[in-house]
Amino acid sequence: MFADGIKVAPSLLSADFGRLREEVRRIEEAGADWVHLDIMDGNFVPAITFGPAVPRALRPHTGLIFDAHLMVAEPEKYLESFARAGADLITVHVEATAHLDRVLREIRRRGLKAGAALNPATPPETLDYLWPLLDLVLVMSVNPGAGGQPFIPEMLPKIEALSRRIRTLGRPVELSVDGGIDSRTAPQAVAAGATVLVAGSAVFGAPDGLELIQAFKTTGGPRQEV
Ligand code: DX5
Ligand code: ZN
């Protein structure tokens, strides 16, 4: 699951919701590693997307890793349903729960990989006492709630700082960057230390979007020291 190299996680948020099974097949054939599932509850963020019914319906049709990004308040209430729906990895927002340590433990107890997402204004130090519980950190490079927003360049030093910290841990932790990833910003994110690129509108919103998946995977060539 956490192989070396850059992983690409297309976000279904920008896919054709009337043809989700085909969309997932298309990204799988194009070489995607994970499928990123943006769950919004109309509370933590204003928009509402979908719940566990979507991954449950897609699970029999793809071997891709299901990367569930919960933009929901009180994510502890929904861990069981997403685990049952076939999520491989559940990422919760540090801003969305008063009990992040417990939530991460609950995810891992179910045998899933656990991730923490940081809104643009949230500093990396919020994770200082949580590293043993983390398989992934997700840096939001836009404010959560919608696809198609521009990448916030001030997030690059945050990615660099987290990458440096992760390299001191001695165990694999993925560093995912989510929001505004395209052919211009992907190399910047990778140079800063990103190991997973989430992309919605760039992959699903352009005629040549599927080709970007391979381009992203070779972005920046071999991993560069920051
Ligand atoms: C934003 C979501 C992102 C978003 C990415 O709230 O978490 O996954 O869909 O979409 P693009 O690539 O269009 O910024
Ligand atoms: Zn996301």
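Calculation criteria
- Residues numbered from 1 in each chain as written.
- Chains lettered and ligands numbered in written order.
- Predicted model: local features only at pLDDT ≥ 70, side-chain atom pairs only at ≥ 80, totals over all residues.
- Heavy atoms only, no water.
- pLDDT = per-residue confidence, 0-100.
- Contact = heavy atoms within 4.5 Å.
- Core = buried A, V, L, I, M, F, W, Y, C linked by side-chain atoms within 4.5 Å.
- Buried < 20%, exposed > 50% of the residue type's maximum accessible area, 1.4 Å probe, protein only.
- Helix = DSSP H or I, 4+ residues; strand = E, 2+ residues; numbered from the N terminus.
- Donors = N, O, S within 2.8 Å, 3.2 Å for Na, K, Ca; no water.
- Tetrahedral: all angles 85-135°; square planar, octahedral: opposite > 155°, others 65-115°.
- Pairing = 2+ DSSP bridges.
- Axes fitted to C-alpha atoms, helices over the stretch in contact; angles between N-to-C directions.

Engineer: Would you explain the confidence of the model for the chain in this entry?
Structural biologist: Caution applies to low-pLDDT regions: their predicted coordinates should not be interpreted in detail. Taken over all residues, the pLDDT of the chain has a mean of 95, while the share at 70 or more is 96%. Within the model, pLDDT remains below 50 along residues 221–226, and this stretch shows 12 contacts once partners closer than five positions in the same chain are excluded.

Engineer: How should the nonpolar core be read in this particular structure?
Structural biologist: One broad rule of soluble globular proteins: the nonpolar side chains tend to lie buried together. I90 and L127 are the most contacted members of the largest nonpolar core, which totals 64 residues. Looking at this core, the element that brings in the most residues is helix α5 (residues 155–167), giving five residues. Once residues lying within four places of it in the same chain are set aside, the contact partners of L127 are V94, A116, L118, L134, V137 and L162. Residues L89, L136, M140 and V198 belong to the second largest nonpolar core, which totals 11 residues.

Engineer: So what exactly am I meant to see when it comes to the coordination of the zinc ion (ligand 2) here?
Structural biologist: Six octahedral donors around a metal ideally sit at 90 or 180 degrees from one another, while four tetrahedral donors ideally sit at 109.5 degrees. Summarising the metal site, the zinc ion (ligand 2) is bound by the protein donors H36 (NE2), D38 (OD), H69 (ND1) and D178 (OD), whose distances to it range over 2.0 to 2.3 Å. For the zinc ion (ligand 2), the six donor atoms in the first shell make angles of 69 to 169 degrees at the metal, so the coordination geometry reads as octahedral.

Engineer: I'm lost on the sheet that holds strand β8 (residues 196–199) in this one. Help?
Structural biologist: In sheet architecture, strand pairing relies on hydrogen bonds along the backbone and comes in two forms, parallel and antiparallel. One open sheet holds the eight strands; their spatial order is β1-β8-β7-β6-β5-β4-β3-β2, and the pairing between them is parallel. At either margin of the open sheet sits one strand with a lone partner, and together these are β1 (7–10) and β2 (34–40). With direction set aside, neighbouring strand axes in the sheet form an average angle of 20 degrees. Pairing geometry for strand β5 (residues 113–118) and strand β6 (residues 136–140), over four bridges, is parallel. Opposite G115, over in β6, you have L136 as the bridge partner.

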